[in-house]
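# Breakdown of the fold
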Amino acid sequence: MTRAGIVGVTCDPVWMHMFVDETERGGHLLAATLVAPAALHSTRSLMRSLLLPGERRVHFKSEKDSRRKFIVSRIVERTFEVVVVSSCQKGDSARAVLLERLVTEAVDRGVSRLVLDSRDHAGNARDRVVLARTKARDAGIVYEHIQSSAEPALWVSDAVAWCLGAGGDWVRRISPVVTRIEP
């Protein structure tokens, strides 16, 4: 496990929340932002403060590069920790494998709540089947799908996933908050 740019940083393993979003550019990648309960309010406030008038959510796919750079700088300033698992494969089977790896990481870190960006009904159902066969329930992890417009903490994961999928300088910009979990 490596944390780009930061050595020796650990999260308080008690009652952590994990917010998960994805990208499928160049394979499949899940980005999971770790947030302690005491930091939930400030995380949500920070992300809401980045909304432009009329926006319901920060969605990197829809932002201009200048806004992306600004948002990334705010995320990096805040020193979030975002766990990333990835695969060269695409599709539901790749997502299932990555979700299982992410749950193992969540259990190891003492995560109590796993929030996934809601997809369509069938996609959410497939996720629930995968999660049911993991150690999530045995470890006391509660999981749910939430629309990204309703949970600003998901926007951090969206930004990280987009940057890593875009590659190049975006990877450099976001790397201080990224912890990659190798297969």
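This is a predicted model, so every value here is computed, not measured. (Residues numbered from 1 in each chain as written. Predicted model: local features only at pLDDT ≥ 70, side-chain atom pairs only at ≥ 80, totals over all residues. Heavy atoms only, no water.)

## Notes on the packing of aromatic side chains
Counted by the stated rule, this structure contains two aromatic pairs. Each ring, one from Trp162 and one from Trp170, has its centre 5.2 Å from the other, and the planes form 80°; the classification is edge-to-face. You can call Trp162 buried: its relative accessible area is 13%. The rings of Phe60, Trp162 and Trp170 are connected pair by pair, giving a single aromatic cluster. Over the face of the ring belonging to Trp170 we find Arg173, whose NZ or CZ atom lies 5.8 Å from the ring centre. (Phe/Tyr/Trp six-rings, centres within 6.5 Å; stacked < 30°, edge-to-face > 60°. Buried < 20%, exposed > 50% of the residue type's maximum accessible area, 1.4 Å probe, protein only. Lys NZ or Arg CZ within 6 Å of the ring centre and 35° of its normal.)

## Describing the nonpolar core
Side chains of nonpolar character tend, in soluble globular proteins, to be buried together. Among the nonpolar cores identified, the biggest contains 32 residues, and Phe60, Ile75, Val82, Val84, Val160, Ile174 and Val177 are the most heavily contacted of them. Broken down by element, the residue count for this core peaks at 10 residues, all from helix H5 (residues 153-166). Once residues within four sequence positions are removed from consideration, Val160 is found in contact with Ala31, Val82, Val84, Ile174, Val177 and Val178. In terms of nonpolar packing, the next biggest core, distinct from the first, is built from 23 residues, Met16, Val103, Ala106 and Ala136 among them. (Core = buried A, V, L, I, M, F, W, Y, C linked by side-chain atoms within 4.5 Å. Helix = DSSP H or I, 4+ residues; strand = E, 2+ residues; numbered from the N terminus. Contact = heavy atoms within 4.5 Å.)

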